[in-house]
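Summary of the model geometry
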Amino acid sequence: MRIVTWNINSVRLRAPLLSQLVDALEPDVLCLQETKSPDEHFPHEAVEALGFGHRLIRGMKGYNGVAVLSRRPLRLREGEPDWCSRDDCRHLGVDVEAEGGAVELHNFYVPAGGDTPDREANPKFAHKLDFIGEITAWTAGRGAAKRAVLVGDLNIAPLEHDVWSHRQMLGVVSHTPVEVEAMAGWQRAGEWHDALRHFVPPEEKLYTWWSYRARDWEAANRGRRLDHVWVSQDLAGKLRSHTVLKPARNWAQCSDHVPVLVELDL
């Protein structure tokens, strides 16, 4: 099973890029974040033409939004929490039909957290920490993940080499110690295995996002790894390959994130 995660930064604006993604990565399942589209305006016809006959979406006008597009049958996981009671379309939990039984798949778009890493001064940062805290408590209550995959724009670059400069980024939202510890607690609660660092050693640089603000993003290469794929321990041994599609950052009207693929031999 080939699973791709991508913060598309507006699915209607960038729907034409989906064909390039499919040509490059041939995903069985495509998880999108920041779709920025109410459900009634989602570009179903364009997605159907690419072979994704199964779709579950959760969107809103102008902000957030997640979608799971699949060549395999999907089932919505009912009754999962409304994080922070905001109904802001940041999570989809689905079951994907697969060899040997369904795979539980979670697609998350974690709040970015604003610019100031201070809970009291910045409500957006407080929301980010509260969001992760609620997920961590829920995960701990469920116990270790089994036959499960978690993907998405988690808006945290946890490791030293997940950012272009560990020293300079320590005070910047996405790499602050409090965020990194919050993410680590979430991972521990579900005993999640970091699928990208399964392939790329922690001492090597690994980025999935480059700011629009850089005049020449490639030359500056001031990236961060904000997009993640985690798998349950029982699937760690079934990881076969990964791709961070860096060329996508040069596509016309590109997102500032690039698609990330993980392949599992189920």
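Residues numbered from 1 in each chain as written. Predicted model: local features only at pLDDT ≥ 70, side-chain atom pairs only at ≥ 80, totals over all residues. Heavy atoms only, no water.

**As for the overall build of the chain**
Stated precisely, the cut-off is as follows: Strands are runs of DSSP state E lasting at least two residues, helices are runs of H or I lasting at least four, and both sets are numbered from the N terminus onward. The globule rule is 2.2 Å times the number of residues to the power 0.38, and the radius of gyration it is compared with is taken over C-alpha atoms. In this scheme, a residue with accessible area under 20% of its type's maximum is buried, one over 50% is exposed, and one in between is partly exposed, where area comes from a 1.4 Å probe on protein chains only.
Scanning the chain for helices and strands turns up nine helices and 14 strands. What you see for the chain is a C-alpha radius of gyration of 17 Å, in line with the 18 Å of a compact globule of 266 residues. Viewed in the frame of its principal axes, the chain has a C-alpha envelope of about 45 × 45 × 35 Å. Residue burial in the chain is summarised as follows: out of 266 residues, 55% are buried.

**Quick look at the pairing of strand β8 (residues 148-153)**
Applicable threshold: Here, any two strands with at least 2 DSSP bridges between them count as paired. Looking down the strands as they point away from the viewer, one classifies a crossover as right-handed if the path from the first strand across the helix to the second runs clockwise.
Within β8, six of the six residues are buried, which leaves the element mostly enclosed by the surrounding structure. Of the two faces of β8, the one holding Ala 148, Leu 150 and Gly 152 and the one holding Val 149, Val 151 and Asp 153 are both buried throughout. In this structure, strand β7 (residues 103-109) lies alongside β8, joined through six bridges in parallel fashion. Paired with Asn 107 across the bridge in β8 is Val 151. In the classification by handedness, the crossover that spans β7, the intervening helix α4 (residues 123-142) and the parallel β8 is right-handed. With five bridges connecting them, β8 and strand β12 (residues 227-231) associate as antiparallel partners. Across the sheet, the residue bridging to Leu 150 is Trp 230, located in β12.

**Examining the sheet that holds β12**
Using the following cut-off: We call two residues in contact whenever any of their non-hydrogen atoms come within 4.5 Å of each other. Each axis is a line fitted through C-alpha atoms, and for a helix only the stretch in contact is used; angles between axes span 0 to 180 degrees, taken between their N-to-C directions.
Reading across the sheet, the six strands line up as β5-β6-β7-β8-β12-β9 and stay open at both edges, with mixed pairing between neighbours. If you trace the sheet from one side to the other, it starts and ends with β5 (74-76) and β9 (193-194), each paired once. Taken strand by strand, helix α6 (residues 177-190) contacts β7, β8, β9 and β12, and its axis lies near 25 degrees from that of β12.

**As for the UniProt feature "site: Important for catalytic activity" (unreviewed entry) in the chain**
Defined as follows: UniProt positions are given in the numbering used here, feature names are shortened, and annotations may be inferred rather than shown by experiment. Between N or O atoms, a polar contact is any pair within 3.5 Å; within protein, one atom must be a potential hydrogen donor and the other a potential acceptor, and residues adjacent in sequence are included only when both atoms are from side chains.
Taken from the UniProt record, the annotation "site: Important for catalytic activity" (unreviewed entry) applies to Asp 227. Residue position: Asp 227 is located in strand β12. Asp 227 sits in the buried class, given a relative accessible area of 0%. Apart from residues lying up to four places away in sequence, Asp 227 is in contact with Asn 7, Gln 33, Gly 152, Asp 153, Leu 196, Thr 208, His 257 and Val 260. For Asp 227, the side chain forms a polar contact with the side chain of Thr 208, separated by 2.5 Å.

**Overview of the sheet that holds strand β4 (residues 66-70)**
Sheet architecture is open: six strands sit in the order β3-β4-β2-β1-β14-β13, paired in mixed fashion. The open sheet is flanked by β3 (54-58) and β13 (239-244), the only strands paired with a single partner. Averaged over neighbouring strand pairs, the angle between their axes works out to 10 degrees when direction is ignored. The pairing of β3 with β4 spans five bridges and is classified as antiparallel. Paired with Leu 56 across the bridge in β4 is Val 68. Taken strand by strand, helix α2 (residues 17-25) contacts β1 (2-7), β2 (29-33), β13 and β14 (260-264), and its axis lies near 145 degrees from that of β1.

**A short note on the nonpolar core**
Threshold: Among buried residues, those of type Ala, Val, Leu, Ile, Met, Phe, Trp, Tyr and Cys that are joined through side-chain atoms within 4.5 Å constitute a nonpolar core.
Counting 28 residues, the largest nonpolar core has Val 29, Val 68, Leu 105, Val 149 and Val 231 as the members making the most contacts within it. When residues no more than four places from it in sequence are discounted, the contact partners of Val 29 are Met 1, Arg 2, Ile 3, Val 4, Val 68, Leu 69, Ser 70, Val 96 and Leu 105. Judged by nonpolar contacts, the second largest core, of 26 residues, contains Val 4, Leu 21, Leu 32 and Cys 254.

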